[in-house]
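Close look at the chain arrangement
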Amino acid sequence: MTSEPHRKNDGVPAWSGHPYPLGASYDGQGTNFALFSEVAERVELVLVDDDGRHRTVPVNEVDGFVWHCYLPGIGPGQRYGYRVHGPWHPALGQRCNPAKLLLDPYAAAVDGQIDNHPSLYERSSAGPDPADSAGHTMLGVVTDPYFDWGDDRPPRRAYADTVIYEAHVRGMTRTHPEVPPELRGTYAGLAHPAIVEHLTSLGVTAVELMPVHQFVHDGVLQDRGLSNYWGYNTIGFFAPHNAYAADSTGGRQVAEFKAMVKALHAAGLEVILDVVYNHTAEGNEKGPTLSFRGIDNASYYRLVDGDWRHYYDTTGTGNSLLMRHPYVLQLIMDSLRYWVTEMHVDGFRFDLAATLARQFHEVDRLSAFFDLIQQDPVISRVKLIAEPWDVGEGGYQVGNFPPLWSEWNGMYRDAVRDFWRGEEHTLGEFASRLTGSSDIYQHSRRRPRASVNFVTAHDGFTLRDLVSYNDKHNEANGEGNRDGESTNRSWNCGAEGETDDPAVRELRARQQRNFLATLMLSQGIPMLCHGDELGRTQRGNNNAYCQDNEVSWIDWRLTGGTARPDGVHPVPDRAARGPPGAAAPALLPRRDRRAAGPAAARPRLAAAQRERDERPGLAALRRALRRRLPQRGRHRRAGLPGPPGRRRLLPAAAEQLLGARRLPPPGRRLRRALDDGPRHGRPGHPGRDRAQGRDRGAGGEPQPGPAVPAAARPAERLTPTRTGAG
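As the structure is a computational prediction, the values presented were derived from the model and not from experiment.

1. What to know about the nonpolar core
By size, the foremost hydrophobic cluster in this structure holds 130 residues, and its most contacted members are Phe33, Phe348 and Phe350. At 10 residues, the largest contribution of residues to this core is made by helix 7 (residues 326-341). Sequence-distant contacts of Phe350, defined by excluding residues within four places in its chain, comprise Val275, Tyr277, Leu336, Leu356, Phe369, Leu384, Ile385, Ala386, Glu387 and Trp405.

Below is the structure:
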């Protein structure tokens, strides 16, 4: 992309247009352009042709701080940007510089990527940098809003039937042998029948995609030869990331994303987006000027009170959006509605959602953002999931979001990890997490659907690494292994990393089955991290945000019959198992087992049923769950047969994950954990009562005891840190 001399209205007729909607809106005959800026003194629209020629159109109409014009004859595929003339007073939070070609915050498609050129930055302390950033930055693209959705309908899965699969568009398909090479790592690749078949065969009901909004690769990572793989560095809240498209020329990534959603819906899978509305890719005052900073810095970003040169940061990424400004709130709500109404997505997971509730300093459950979500007739009807923390003061807010929301339950993750690695005094909390975490959510009358249960996610160890490493091994990130969480609640089962010890390998495989069975049998919404069902490893890296390579991609060879170093396999062929305690079985791929036909499957199924009946650990778990777990849903309460869903499929799913081994000793302790406290007139556990601040009288009834002071309570649970990105 080259910069040509600017030509004022070079053959481009301009009409006044309309201030709404914001962004570039094509109507079949021309395009309306609208841009918000409260501080702009003059705005220029720059059209960039395919040959690199720039045509500049003055935007003269302004209503309510929205600058707008209409250009007849301008249609889909047209690239454009803005130059905003206005005050340059960093000490007052104003940073307008017309030398910077700026991306439209409402652009529905983006062309190009930044190249970390010095012209993108403000290096001069005396005034605005005069270097022109054209040719080194991204451009908006006018898109065609028309798409044939056919008979597409949202699956609208009930929360009680939802099983979430967290996936990365690129990492999910990058090495899949059945996906054509030109489609690997793209939206079209994720919609390939081989990937859809894998997802449906797992029984998941929703795919939660890691960030697909247009994002930027950090300059510091590019200097190390790395890239921002996770994508928690958004610059375009309306645009699908162009690098994930098989063909992104002329804004075609929009149609490809829609086709992916349509294919997943046809398979009964919901699409949930991991969205980053808490900050942008422009970073702090030392970051590049790409869009918001040059348009209206003080309106879009939260600045330090009394020191408006610097940015108030609760995200660990350099800046935070100003959540009390009406146009920032409008930007977020317009973006959410766009992805639901135009792109047909089914829900959102909000990254660092506590930041969205910070109108002022503290996290406020009654903030304007939650009010807008609650009353919106579109957004309030889709799935809303919060990552209920940020890195600011008082940012850990698990259990404190409004009733409409579900939350990533970090306490569930910590308790389940501690229980299965044998930490002391964990049975009571484990039982609470298994049965829906009512101690966290019941105070606001929220039901188990409020808890998104997970053991692993993109941020941290994979499931296989959780049982293979005691310590992080992030040397490949180029930060001297200083990044990433150091307290992982992991246990390597006796050897750090890869090992040939058969006893260690068998124990690791059993521990992974324990984690997965616990996850699927817990009350709440289970979430599985992509590749954990196959034994994916990141070689001990628990912060692989910059590893766009085999470290993060799913290794699809794990679905074949070749034994892996740690003996971790998907679903073993039950006929090859043998009695409990026998050697690990050989594998058959799923498609080979299906090809054998129903007749060949009957003997295996009968043997599997006999084998299940002989597992006292699983039988005890089932009895405990039937006796203790509350029945959910109006169908259960009325004694009517409920709709087919996750509850009916769980026993088979759990048995697949548990494999041929009986549950280890902790499985027998489950009954004691689930019988926590007196029930049906039976006495509780003396040691447990003492731990809860109660003593027993002579009659065996608990007596009030002294309250446990806060200083004597157990240490705070693992709280996330913001390292790198995501």
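2. Focus: the side chain of Glu256
With respect to the helices and strands, Glu256 occurs in helix 5 (residues 253-266). At 8.9 Å, Arg252 is the nearest oppositely charged side chain to Glu256, a buried residue that forms no salt bridge. Not counting chain neighbours up to four residues away, the residues in contact with Glu256 comprise Thr186, Tyr187, Ala188, Tyr244, Ala245, Ala246 and Asp247.

3. Describing the pattern of salt bridges
Under the defined criterion, the tally for this structure stands at 26 salt bridges. The residue Arg55 makes a salt bridge to Asp49 at a minimum N-O spacing of 3.0 Å. Across the pair Asp414 and Arg489 runs a salt bridge, and its minimum N-O distance is 3.9 Å. Highlighted residues: Asp414 in helix 10 (residues 410-420) and Arg489 in the loop between helix 13 (463-466) and helix 14 (502-521), separated in sequence by 75 residues. The class for Asp414 is buried, based on a relative accessible area of 1%.

4. Describing the sheet that holds strand 13 (residues 164-167)
On the basis of which strands lie adjacent, the closed barrel formed by eight strands has the order 13-14-17-20-21-22-23-24 and parallel pairing. On average, adjacent strands in this sheet sit at an angle of 30° to one another, irrespective of strand direction. Alignment of strand 17 (residues 270-275) against strand 20 (residues 347-350), held across four bridges, turns out to be parallel. Bridge pairing in strand 20 places Asp274 opposite Arg349.

5. With respect to the pairing of strand 19 (residues 307-311)
With two bridges joining them, strand 18 (residues 303-304) and strand 19 adopt antiparallel strand pairing. Bridge assignment links Leu303 to a residue of strand 19, and that residue is Tyr311.

6. Considerations on the packing of helix 7 against helix 9 (residues 368-375)
When two helices pack together, their arrangement is given by the angle between the helix axes and the distance between those axes. Running from N to C, helix 7 and helix 9 cross one another at 35°; their axes reach a closest spacing of 11 Å. Between helix 7 and helix 9 the crossing geometry is right-handed. Listed contacts from helix 9 to Leu329, Ile332, Met333 and Leu336 of helix 7 are Ala368, Phe369, Leu372 and Ile373. Taken together, the residues of the contact of helix 7 with helix 9 break down into eight nonpolar, no polar and no charged.

7. A look at the environment of Arg447
Take Arg447: it is sitting in the loop between helix 12 (438-441) and strand 23 (451-453). Counting along the chain gives 41 residues from Arg447 to Ser406, while the straight-line C-alpha distance between them is 9.6 Å.

8. Topic: unusual backbone geometry
Cis geometry marks the peptide bond from Tyr20 to Pro21; its omega dihedral reads 0°. Despite not being glycine, Arg445 shows a phi value in the positive range, around 60°. The topology assignment puts Arg445 in the loop between helix 12 and strand 23. Residue Arg445 is classed as exposed on the basis of its relative accessible area of 81%.

9. Some thoughts on the packing of helix 10 against helix 11 (residues 427-434)
Closest axis-to-axis distance for the helix 10/helix 11 pair is 9 Å, and the angle between their directions is 130°. Looking at the two axes, helix 10 sits oblique to helix 11. Our pair here, helix 10 against helix 11, has a crossing hand that is left-handed. For the pair formed by helix 10 and helix 11, the contact residues are Met411, Tyr412, Ala415, Val416, Phe419 and Trp420 on the first element and Leu427, Glu429, Phe430 and Arg433 on the second.

10. Quick notes on the sheet that holds strand 6 (residues 61-63)
Sheet architecture is open: four strands sit in the order 2-3-7-6, paired in antiparallel fashion. This sheet does not close on itself; its edge strands, each paired only once, are strand 2 (23-26) and strand 6. Here the strands of the sheet are splayed against their neighbours by 25° on average, with no regard to which way each runs. Here strand 2 pairs with strand 3 (residues 30-36) via four bridges, running antiparallel. Residue pairing for strand 3: Ser25 is matched across the bridge by Asn32.

Conventions adopted
- Residues numbered from 1 in each chain as written.
- Predicted model: local features only at pLDDT ≥ 70, side-chain atom pairs only at ≥ 80, totals over all residues.
- Heavy atoms only, no water.
- Core = buried A, V, L, I, M, F, W, Y, C linked by side-chain atoms within 4.5 Å.
- Buried < 20%, exposed > 50% of the residue type's maximum accessible area, 1.4 Å probe, protein only.
- Helix = DSSP H or I, 4+ residues; strand = E, 2+ residues; numbered from the N terminus.
- Contact = heavy atoms within 4.5 Å.
- Lys, Arg positive; Asp, Glu negative; His and termini not counted.
- Salt bridge = Lys/Arg side-chain N within 4 Å of Asp/Glu carboxyl O.
- Pairing = 2+ DSSP bridges.
- Axes fitted to C-alpha atoms, helices over the stretch in contact; angles between N-to-C directions.
- Left-handed = near helix turned anticlockwise from the far one by under 90°.
- Nonpolar A, V, L, I, M, F, W, Y, C, P; charged D, E, K, R; others polar.
- Parallel < 35°, antiparallel > 145°, perpendicular 65-115°, else oblique.

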